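# An overview of the molecular structure
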Amino acid sequence: MKLQFNPNLDYQRHAIASVVDLFLGQTPNQSNFTVSYMRGQIGVFDTQNGIGNRLELDEEDILRNLQAVQLRNGLPQTRKLIRGQYDFDIEMETGTGKTYVYLRSIYELNKAYGFTKFVIVVPSLAIKEGVKTSLKLMLAHFKNIYDNIICESFVYDSSQLDQVRNFAVSDNIQIMIINIDAFRRSFTDPSRETKANIIHRPNDKLNGMRPIELIRETNPFVIIDEPQSVDTTTKAKEAIASLNPMCIFRYSATHVEKHNLIYKLDAVDAYELELVKQIEVAGFEAINAHNNAYVQLISVNNKKSPITARVKIDVQGKDRKSVV
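The sections below set out a description of the structure shown in this document. Given the structure is predicted, the values throughout are model-derived calculations rather than measurements.

So, about a nonpolar patch on the surface. On the surface, a cluster of nonpolar side chains totalling about 310 Å² of accessible area is made up of Leu297, Val300 and Ile307. Inspection of the secondary structure puts Ile307 in the loop between strand S10 (295-301) and strand S11 (308-313).

Here it is as structure tokens:
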């Protein structure tokens, strides 16, 4: 069975345009750097030209575009941006095609501005495999839309660092999928270096360079899938920063930390567009009691699935009790 994807869903096209229009005024451009690597026999090194994203727009340009996108989407406007920290939130309800939207946004950014380097950071092995499968299933669909443009994708594997080198030197669209745990441990202390992820260790085949340094040189767009499970700790934030992202796009239905929101499709919007089923709320009542039923919401945990809540309720014959 061959899956068919609809390229003309308005709400998805609006989400994609919200990303692409942040860079209006940018002309196709790239940066270049040198990559040294071992060729064939041990000790023989060669060099290649590395290719990276290059942003011509300054903070005022990005802010102006951001405010226009937010105004168009009916969202509060950002008043000030921190230069070099371009963080954008895309809020999409689960089941509305979030993965399709950010993958197609990659193609659109390449078509409009020539950007080629993208890193998708995921919180778990399951989501990593899901993104890998989605790319495989959608490849023919995107080739049909974008005139058979070449897009190379791979799941980061610390035993196959040639993939990282190819990511750095290729002039095709490059998508690297990586689990946050694969690059969260980094130590500058030489005595602890063997405990760092391989991506942060000097590599003989790269003439002593660290693989992370090649990624940094490309100045990639970083897409975070389910950020509430990815970059909520100090170490995780440091890991994301170590990629030297041109900018960061965070896609989730439940953002814990807020950044510059550029698109919002919440549960109510999704229901009104008939994208999801109506949510039913369970109720309760007190029977044979003088008082009304009592419930107090203590906390909500949306960092794991399923989402859980802790509430305090009356228990017959006992004091109020906290339950999940």
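Our focus in this paragraph is the sheet that holds S11. Pairing in this open sheet of three strands is antiparallel, and the strands run S10-S11-S12 from one edge to the other. Two strands lie at the open edges of the sheet, namely S10 and strand S12 (321-323), each paired on one side alone. Averaged over all pairs of adjacent strands, the angle between strand axes in this sheet comes to 15 degrees, irrespective of strand direction.

Once that is clear, we can look at the nonpolar core. In terms of nonpolar packing, the biggest core is built from 48 residues, with Phe23, Phe88, Leu109, Ile120, Phe221, Phe249 and Ile262 touching the most fellow members. A total of eight residues in this core trace back to one element, the largest contributor, which is helix H3 (residues 98-113). With near-sequence residues (within four places) excluded, Phe88 lies in contact with Leu22, Ile62, Leu66, Cys247, Ile248, Phe249, Arg250, Asn260 and Ile262. In this structure, Tyr156, Phe167, Leu206 and Ile215 belong to the second largest nonpolar core, which totals 29 residues.

Before going further, it helps to spend a moment on the packing of helix H1 (residues 10-20) against H3. Contact geometry of H1 with H3 gives a least axis separation of 9 Å together with a crossing angle of 45 degrees. Judged on the interaxial angle alone, H3 and H1 are oblique. Between H1 and H3 lies a crossing whose hand is right-handed. Of the residues in H3, those touching H1 at Gln12, Arg13, Ala15, Ile16, Val19 and Val20 are Tyr100, Val101, Arg104, Ser105, Glu108, Leu109, Ala112 and Tyr113. Split by residue class, the contact of H1 with H3 holds nine nonpolar, two polar and three charged.

The subject of this paragraph is unusual backbone geometry. With a phi angle near 60 degrees, Asn207 is a residue other than glycine that sits in the positive phi range. Tracing the backbone through its elements, the reader meets Asn207 in the loop between strand S6 (173-179) and helix H6 (211-217). With phi around 60 degrees, Glu226 is a residue other than glycine that occupies positive phi space. As for its position among the elements, Glu226 is in the loop between strand S7 (221-225) and helix H7 (234-242). On the basis of relative accessible area, Glu226 is assigned to the buried category, the value being 17%.

This paragraph deals with empty space enclosed by the protein. On inspection of all chains with the given rule, the structure shows two cavities of 30 Å³ or more. Taken as a whole, the largest cavity encloses approximately 50 Å³ of empty space. Of the residues assigned to the lining of the largest cavity, the class counts are two nonpolar, four polar and three charged. Roughly 30 Å³ of volume is contained in the second largest cavity. What lines the second largest cavity is Val19, Tyr102, Ser105, Ile106, Leu109, Phe118, Ile223, Phe249 and Tyr251. At the level of secondary structure, the elements contributing two or more residues to the lining of the second largest cavity comprise H3 and strand S8 (247-252). Per-element tally for the lining of the second largest cavity: the top contributor is H3, with four residues. By residue class, the composition of the lining of the second largest cavity is eight nonpolar, one polar and no charged.

The next point concerns the environment of Asp162. As for its placement among the helices and strands, Asp162 is situated in helix H5 (residues 162-169). By relative accessible area, Asp162 is classed as exposed at 53%. It is 9.3 Å that separates the C-alpha atoms of Asp162 and Tyr37, two residues lying 125 residues apart in sequence.

Reading guide: rules and limits
- Counting restarts for each chain, with residues numbered from 1 along the sequence as it is written.
- Totals for whole chains, interfaces and linings use every residue, but because this is a predicted model, local features are given only for residues with pLDDT of at least 70 and side-chain atom pairs only at 80 or more, for both listing and counting.
- The basis for every side-chain value is the complete set of non-hydrogen atoms in the structure, without hydrogens or water.
- In this scheme, patches are assembled from residues that exceed 30% relative accessible area and form no salt bridge. Like charges are connected within 9 Å, while nonpolar side chains (Val, Leu, Ile, Met, Phe, Trp, Tyr) are connected within 5 Å.
- All accessible areas in this document rest on Shrake-Rupley with a 1.4 Å probe, and a residue is counted as covered only by the protein chains that are shown.
- Basic side-chain nitrogens of Lys or Arg form a salt bridge, by our definition, when they fall within 4 Å of a carboxyl oxygen of Asp or Glu.
- To qualify as a helix, a DSSP run of H or I must reach at least 4 residues; to qualify as a strand, a run of E must reach at least 2; elements of each kind are numbered from the N terminus.
- At least two DSSP bridges between two strands are needed for those strands to be called paired.
- Here the axes come from fitting lines to C-alpha atoms, over the contacting stretch only for helices, and the angles between their N-to-C directions go from 0 to 180 degrees.
- Definition used in this section: a nonpolar core is a set of buried Ala, Val, Leu, Ile, Met, Phe, Trp, Tyr and Cys residues joined via side-chain atoms within 4.5 Å.
- The classification of residues rests on relative accessible area computed with a 1.4 Å probe and restricted to protein chains. Under 20% of the type maximum is buried, over 50% is exposed, and intermediate values are partly exposed.
- Any two residues whose heavy atoms approach within 4.5 Å are treated as being in contact.
- In what follows, roughly perpendicular refers to angles from 65 to 115 degrees, roughly parallel to angles under 35, roughly antiparallel to angles over 145, and oblique to any angle outside these ranges.
- Each crossing gets its handedness from the near helix: less than a right angle anticlockwise from the far helix is left-handed, clockwise is right-handed.
- Residues are grouped as follows: nonpolar covers Ala, Val, Leu, Ile, Met, Phe, Trp, Tyr, Cys and Pro; charged covers Asp, Glu, Lys and Arg; every other residue, Gly included, is treated as polar.
- The distinction between a cavity and a pocket rests on a 1 Å grid over the protein atoms alone: a 1.4 Å probe fits inside a cavity but cannot get out, while a pocket stays open yet meets protein on both sides within 12 Å along at least five of seven lines, and a residue with an atom within 4 Å of a point counts as lining.
- Grid points are joined across faces, edges and corners, and a volume is the space filled by probe spheres set on the points.

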